[in-house]
Amino acid sequence: MLFGAAILLETAFAMIILSRTLTIKVNRWANTLIALLHITAVTGSLFVAEATSFYKFFAAIEIATLCYIIYCAWHLTTPTTNNDSTDI
């Protein structure tokens, strides 16, 4: 059980690095799958024991944030560079 929790935590950390190194197409799917995994885990944890009101609040914020991550992942565009920049 603790090993599963450790994997869940590490996937969040890994996505920080992977989102900078993966191609956009692979990044979309990776962010979507990891976010869905986390949404499933948070939703499931609400039904394991009696959830307190503050836990329900934090779970709702986390699920909303993960849904926003999925939304952003599918609305990414190819980054463009501005070679005319005069900022030094």
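Residues numbered from 1 in each chain as written. Predicted model: local features only at pLDDT ≥ 70, side-chain atom pairs only at ≥ 80, totals over all residues. Heavy atoms only, no water.

**Brief notes about helix α3 (residues 53-74)**
And then number 1: Spanning 22 residues, α3 covers 32 Å between terminal C-alpha atoms, matching the ideal 32 Å at 1.5 Å per step.
And then number 2: Within the span of α3, buried status applies to Ala59, Leu66, Ile70 and Ala73. Taken around the axis of α3, the buried residues stretch over an arc of 65 degrees, which confines them to a single face. The exposed residues of α3 that point more than 90 degrees off its buried face are Ser53, Phe54, Phe57 and Tyr68.
And then number 3: Packing partners of the buried residues in α3 comprise α2 (24-45). (Helix = DSSP H or I, 4+ residues; strand = E, 2+ residues; numbered from the N terminus. Expected span 1.5 Å × (residues − 1). Buried < 20%, exposed > 50% of the residue type's maximum accessible area, 1.4 Å probe, protein only. Arc of directions from axis to C-beta. Contact = heavy atoms within 4.5 Å.)

**Points about the side chain of asparagine 27**
And then number 1: Note on placement: asparagine 27 falls in helix α2.
And then number 2: On the accessibility criterion, asparagine 27 (6% relative accessible area) is buried.
And then number 3: Excluding residues within four positions of it along the chain, asparagine 27 makes contact with Met15, Ser19, Leu22 and Leu76.

**Some words on the environment of tryptophan 29**
And then number 1: In this structure, tryptophan 29 sits in helix α2.
And then number 2: Note: C-alpha distance between tryptophan 29 and isoleucine 70 (41 residues apart in sequence) is 9.1 Å.

**Overview of helix α1 (residues 2-21)**
And then number 1: Taking 1.5 Å of rise per residue, the 20 residues of α1 would be expected to cover 28 Å, and the 29 Å separating its terminal C-alpha atoms lies within 8% of that figure.
And then number 2: Methionine 15 marks the point of greatest bend in α1, at about 30 degrees. (Bend = angle between axes of the 7 residues up to and from the residue.)

**Points about the confidence of the model for the protein**
And then number 1: A residue-level look at the protein finds 89% of positions with pLDDT of 70 or above and a mean pLDDT of 89.
And then number 2: Considering each helix and strand of the protein separately, the mean pLDDT is smallest for α1, with a value of 91, and largest for α3, with 95. (pLDDT = per-residue confidence, 0-100.)

**Topic: the packing of aromatic side chains**
And then number 1: For the structure shown, the criterion picks out three aromatic pairs.
And then number 2: Their ring planes at 90 degrees and their centres at 5.0 Å tell us that tryptophan 29 and tryptophan 74 sit as a pair that is edge-to-face. A residue pair is termed long-range when its members are at least 10 positions apart, and tryptophan 29 in helix α2 and tryptophan 74 in helix α3 qualify at 45 residues.
And then number 3: A relative accessible area of 47% means that tryptophan 29 is categorised as partly exposed.
And then number 4: Consider the rings of tyrosine 68 and tyrosine 71, whose centres lie 6.3 Å apart with planes at 25 degrees: the pair is stacked. Placement of the pair is tyrosine 68 and tyrosine 71 together in helix α3, with a separation of three residues, close to one helical turn.
And then number 5: When its relative accessible area of 53% is taken as the criterion, tyrosine 68 is described as exposed. (Phe/Tyr/Trp six-rings, centres within 6.5 Å; stacked < 30°, edge-to-face > 60°.)

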